[in-house]
Amino acid sequence: MERKRPFYYEYAWAYDLIVEPKTEKCVRFFKEIFERLNLSVSAKILDAGCGPGNLAMSLASEGFNVTGIDVSDVFINNAIKQNPENCNPYFIVGDILKIEYTNTFDAIICRGVLNDIIDETDRKAVFSVFHQALKPNGIFIADVREWNE
């Protein structure tokens, strides 16, 4: 049975009030990385574990073609409500361990999500899934909270 974390479901409404938004800083950082690596502004980007979709929406407003995926239907439904008239970013409810894309994305961003993958087999599998979803020579950017943990 899948374990549902209350912070991503029943308390999702408070996420942006509790977690300090660093969206603007992250977008500047990602744009700088993408420019250094000659990734065009129309590139296809996967925001894996997009949460409330703030980063995906900001990158899309910069011209990137963004897909946001998160296991929390509450986060995704709220993101869609914030961005109802625009199909970019495209939001889907899904498990990043079960992504069924092949050679689709120029870049994958995964921020703070890998901490939630605690099973060793799943940890290994997620990188295989990301590799499959990336185009050849694609860019993968990840960060984790509590690195030492």
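Above this text is the structure in question.
Summarised in this report is the structure supplied together with it. (Residues numbered from 1 in each chain as written. Predicted model: local features only at pLDDT ≥ 70, side-chain atom pairs only at ≥ 80, totals over all residues. Heavy atoms only, no water.)

Attention now goes to the overall build of the protein. Check the secondary structure of the protein and you find 5 helices and 5 strands. Classification of the 149 residues of the protein by burial places 42% in the buried group. Of the contacts formed within the protein by residues at least 6 apart in sequence, a portion of 68% connects residues at least 24 apart. Carbon together with sulfur atoms contributes 51% to the accessible area of the protein, which is approximately 9,200 Å² in total. (Helix = DSSP H or I, 4+ residues; strand = E, 2+ residues; numbered from the N terminus. Buried < 20%, exposed > 50% of the residue type's maximum accessible area, 1.4 Å probe, protein only. Contact = heavy atoms within 4.5 Å. Areas by Shrake-Rupley, 256 points an atom, 1.4 Å probe, with all protein chains shown as cover.)

Further remarks concern the pattern of salt bridges. Under the counting rule described, the total for this entry stands at 6 salt bridges. For the salt bridge of D106 with K135, the shortest nitrogen-to-oxygen distance reads 3.4 Å. With D106 in strand 4 (residues 105-111) and K135 in strand 5 (residues 134-143), the pair connects residues that are 29 residues apart, well separated along the chain. Judged by its relative accessible area of 30%, K135 falls in the partly exposed class. (Salt bridge = Lys/Arg side-chain N within 4 Å of Asp/Glu carboxyl O.)

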